[in-house]
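# Inside the fold
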Amino acid sequence: MDRLTFRSRIFGDDPSSLIIQPILRFGMRDQHYHPLINLRPYFSALKGVPGKHFFGTAQDGKAPIELRVVNEIMWGELLLSHDVGLGEAWIQGHFEVSDLRGLLNFCLDNRDGLSSLATSINSIFAYYSAWAISSVFRQNQKMAKSTVQFSYDISNLFMQSFLGRDMQYSAAMWSESEGGVYGDMPTGPKEGDLDAAQMRKVQFYLQKARLHPGQRLLEIGSGWGGLAIAAGRLGCMVDTITLSVEQKELADRRIAEAGLTDKVRVHVCDYREMPPSFEHVFDACISCEMLEAVGPSNYAAYFAAVDWALKCDKATMVVSTSTQPEHRYSDYQSEDFARRHHWPNHFLPSATSLITAIQSGVQGRLVLNCVEDYGIHYARTLREWSRRFQENFHGSLVEHMQERYPALKDARNLEAFKRKWLYIFIYAEVGYARAYTLLHHFTYTRPENVPEICGL
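In this text the structure is predicted, and so the values were computed from the model without any measurement.

Per the secondary structure count, the chain includes 16 helices and nine strands. Among the 456 residues that make up the chain, the fraction classed as buried is 53%. Sequence-distant contacts in the chain: of pairs separated by 6 or more residues, those separated by 24 or more amount to 79%. Accessible area of the chain: about 21,000 Å², with a carbon and sulfur share of 55%.

A rise of 1.5 Å per residue sets the reference length of helix α13 (residues 351–362), with its twelve residues, at 16 Å; its end C-alpha atoms lie 17 Å apart and thus fit the reference within 8%. Listing the buried residues of α13 in full gives Ala-351, Leu-354, Ala-357, Ile-358, Gly-361 and Val-362. Angular distribution of buried residues about the axis of α13 spans 125°; they occupy a single face of the element. In this structure, the buried side of α13 is in contact with α11 (299–309), β7 (316–323) and β9 (438–445). Within two residues after α13, Gln-363 carries a phi angle of roughly 50°, on the positive side.

The tally for this structure, following the rule as stated, stands at 24 salt bridges. Ionic pairing is found between Asp-184 and Arg-387, a salt bridge with its closest N-O pair at 2.6 Å. Pair noted here: Asp-184 is in the loop between α7 (156–163) and α8 (193–208) and Arg-387 is in helix α14 (residues 375–392), with a separation of 203 residues, a long-range link. In this structure Asp-184 comes out as buried when scored by relative accessible area, which is 1%. Taking the relative accessible area as the measure of exposure, Arg-387 reaches 25% and is therefore partly exposed. Notably, a salt bridge pairs Arg-419 with Glu-415, separated by 3.9 Å at the nearest N-O pair. Of this pair, Arg-419 and Glu-415 are both found in helix α16 (residues 411–433), four residues apart, which corresponds to roughly one turn of the helix. The exposure class assigned to Glu-415 is partly exposed, which follows from its relative accessible area of 39%.

Let's shift gears to the packing of aromatic side chains. Geometrically, a pair of aromatic rings is defined through the distance of the ring centres and the angle of the planes. Tallied over the full model, the rule gives 27 aromatic pairs. When the centroid spacing of 5.0 Å and the interplanar angle of 85° are considered together, the rings of Tyr-302 and Phe-303 count as edge-to-face. Assessed through its relative accessible area of 0%, Tyr-302 is described here as buried. Residue class for Phe-303 comes out buried when judged on its relative accessible area of 0%. Among the aromatic residues, ring-to-ring pairing joins Phe-158, Phe-162, Tyr-169, Trp-224, Tyr-378, Trp-385, Phe-389, Phe-393, Phe-417, Trp-421, Phe-425 and Tyr-432 into one connected group.

To continue, consider the environment of Leu-310. Mapping Leu-310 onto the fold places it in the loop between α11 and β7. Look at Leu-310 and you get buried, because its relative accessible area is 1%. For the pair Leu-310 and Leu-366, spaced 56 residues apart in the sequence, the C-alpha separation amounts to 9.9 Å. Discounting residues that sit within four places of it in the chain, Leu-310 has contacts with His-280, Val-281, Phe-282, Asp-283, Ala-284, Cys-285, Ala-315, Thr-316, Met-317, Leu-366 and Arg-446.

To continue, consider the sheet that holds β9. The seven strands are arranged β5-β4-β3-β6-β7-β9-β8 in an open sheet whose pairing can be described as mixed. Either end of the sheet is taken by a strand with one partner, and the two such strands are β5 (264–268) and β8 (367–373). Adjacent strand axes in the sheet meet at a mean angle of 20° when their direction is disregarded. In the sheet, strand β6 (residues 284–288) pairs with β7 via five bridges, with the strands oriented parallel. Within β7, the position partnered with Cys-288 by the bridge is Ser-320. The strands touched by α8 are β6, β7, β8 and β9; relative to β7, the strand with the most contacts, the crossing angle is about 135°.

With that out of the way, let us pick up the nonpolar core. Counting 78 residues, the largest nonpolar core has Phe-158, Met-159, Phe-162, Ile-286, Trp-385, Met-401 and Trp-421 as the members making the most contacts within it. Leave out the neighbours within four places in its chain, and Trp-385 touches Phe-162, Leu-163, Gln-168, Tyr-169, Ser-170, Leu-194, Gln-198, Tyr-378 and Phe-425. Listed in part, the 30 residues of the second largest apolar core include Met-274, Leu-310, Val-319 and Ala-351.

Taken together, the side chains of Tyr-182, Met-185 and Ile-376 present a nonpolar region at the surface, about 300 Å² in accessible area. When you line up the elements, Met-185 lands in the loop between α7 and α8. Using a relative accessible area of 47% as the deciding quantity, one classes Met-185 as partly exposed.

Another point: the side chain of Arg-254. Residue position: Arg-254 is located in helix α10 (residues 245–257). There is a polar contact of 2.7 Å between the side chain of Arg-254 and the side chain of Asp-166. At 2.7 Å, the side chain of Arg-254 forms a polar contact with the backbone oxygen of Trp-224. Not counting residues up to four positions away in its chain, the partners in contact with Arg-254 are Arg-165, Asp-166, Met-167, Trp-224, Gly-225, Gly-226 and Ile-229.

Basis of the calculations
- Residues numbered from 1 in each chain as written.
- Predicted model: local features only at pLDDT ≥ 70, side-chain atom pairs only at ≥ 80, totals over all residues.
- Heavy atoms only, no water.
- Helix = DSSP H or I, 4+ residues; strand = E, 2+ residues; numbered from the N terminus.
- Buried < 20%, exposed > 50% of the residue type's maximum accessible area, 1.4 Å probe, protein only.
- Contact = heavy atoms within 4.5 Å.
- Areas by Shrake-Rupley, 256 points an atom, 1.4 Å probe, with all protein chains shown as cover.
- Expected span 1.5 Å × (residues − 1).
- Arc of directions from axis to C-beta.
- Salt bridge = Lys/Arg side-chain N within 4 Å of Asp/Glu carboxyl O.
- Phe/Tyr/Trp six-rings, centres within 6.5 Å; stacked < 30°, edge-to-face > 60°.
- Pairing = 2+ DSSP bridges.
- Axes fitted to C-alpha atoms, helices over the stretch in contact; angles between N-to-C directions.
- Core = buried A, V, L, I, M, F, W, Y, C linked by side-chain atoms within 4.5 Å.
- Patch = residues over 30% accessible without salt bridge, like charges linked within 9 Å, V, L, I, M, F, W, Y side chains within 5 Å.
- Polar contact = N/O pair within 3.5 Å; in protein donor to acceptor, adjacent residues only side chain to side chain.

Structure representation (C-alpha cells):
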C-alpha cells in the first residue's frame with residue numbers, strides 16, 4: 001500500500017491480531033467497566049437494547065448520537081492510539097456513527113472525562129512524538145521537502161477538485177455578501193461563494209502588506225500561484241518560493257496564462273537557501289499558513305531570513321498560521337490525527353509565543369503592527385471543501401488517482417482514502433468552530449513605518 005492510502009501502523013483489519021486480541025480480552029473482563037465517566041449530556045445510544053449502552057441524556061433539540069461498533073478491534077485502536085485511534089477506526093469502518101461532527105463535538109465537550117482513556121502505552125507514544133516534533137531534525141531541510149511531498153504533491157487534479165477555481169489551500173474570508181461564516185447553513189452555499197471569499201482573502205493580504213505597483217514582493221509558500229498572480233496584476237514584481245515541484249508546474253502554467261511571466265517567478269527553494277540576490281530588496285514578505293511546517297526550533301532562523309530579504313526601511317511582513325490558544329498551548333505537542341495523516345511534524349504556536357519568537361529572530365528590526373484571529377472563517381471553508389470533495393470524487397477523478405496510486409484500485413483502500421479526507425475536514429472544522437484552534441494573522445513593519453504621517 002502506498003503512502004496515500006490509510007494503513008494502521010500497528011495492526012491490520014483482522015481482529016485475531018496477536019497484538020489486539022489479548023488487549024480485547026483484558027478490556028472485556030469486566031463488562032460493567034466503562035471508561036467514559038462524568039460525561040456532559042450530549043451523547044447516547046439506544047437504551048435498553050442488548051449490546052447497547054447509554055451515556056448521558058440528549059440535549060434539548062439535539063438528536064442522540066448513535067455509535068455502532070462494527071469490528072471490536074476498534075477498542076484496541078482507542079487503547080493504543082487514543083484520539084488518533086478514533087479517527088483511524090472510523091476510516092477503516094470499524095465503527096459507524098449517526099453524526100460524526102456531533103461525535104467530535106462530544107469529545108471536546110467531555111475531554112476531561114475522556115482523559116481516562118489514556119493508557120501508559122499511548123502516553124509513551126504521545127511523549128515520544130511530542131519530543132520528536134519539537135526537535136531540530138524533524139524540521140530540517142530534508143524533512144521539510146518530504147513533508148511537502150506528503151501533504152501537497154498528491155495530485156494537482158485531486159486538490160483542484162475541492163479547493164475551487166483559484167486553488168487556495170488556506171482559509172477564505174467570508175463577508176455578508178456570502179452570508180457570513182454561517183451563510184452555508186442550513187441551505188448550503190450559492191455558486192461562486194467560495195471563489196469570492198478566497199479572492200477577498202488574497203486582497204486582504206496584499207492590503208496588509210501595503211503593496212503598490214512597481215514594488216517587490218517575496219512570498220514564502222507559493223501554493224498554486226494565486227496570491228502571486230494577484231500581486232502581479234497589481235503591478236508588483238513577485239518572487240515566490242516553494243518546495244513543491246507539482247505546485248511550481250501548475251503555478252508556472254497559470255502565470256503564463258495570465259500573461260505575467262515578466263512579473264512573477266516561482267522558485268523551488270527552501271527559505272534557508274534563498275539566493276544572495278534576495279538580500280534587502282523586497283518591500284514586503286507574505287507567508288500564508290506555511291509557518292506550521294517551520295517548527296519552533298527554526299523560528300529564529302526563519303524570521304532572520306525574512307529580515308535579511310526585506311528592505312532596511314519601509315518594509316512589511318504579513319504571516320498567518322493556525323495557533324493554539326494560550327490556555328492549552330504547550331512547547332511539546334504530540335502527534336494527533338492531522339499530523340499523522342495530513343501534515344507530518346506540524347507545530348502550532350500560540351499568538352504570544354510566536355510574537356516572542358519573532359523578536360528573537362529580528363531583534364527589534366521589525367515591530368508588531370497588528371494581530372487578528374480569523375479562525376471562525378476556517379470552519380465554513382472546511383465545510384465548503386468537504387462538499388466539493390464529495391461532489392467531485394468520482395468518475396474520471398477516481399480513475400486518475402487509481403492510475404497514479406494503484407493501491408486505490410482496491411475498493412477498501414479507495415474507501416479508506418475517501419474517508420480519511422472526509423474525517424480531516426470535519427475534525428478540523430470542529431476545532432476552528434469551537435476556537436479550540438485559532439488562525440492568527442500578524443503584520444509587522446520596519447520601525448516608524450506608517451502609510452501616512454498625520455498632520456504633514
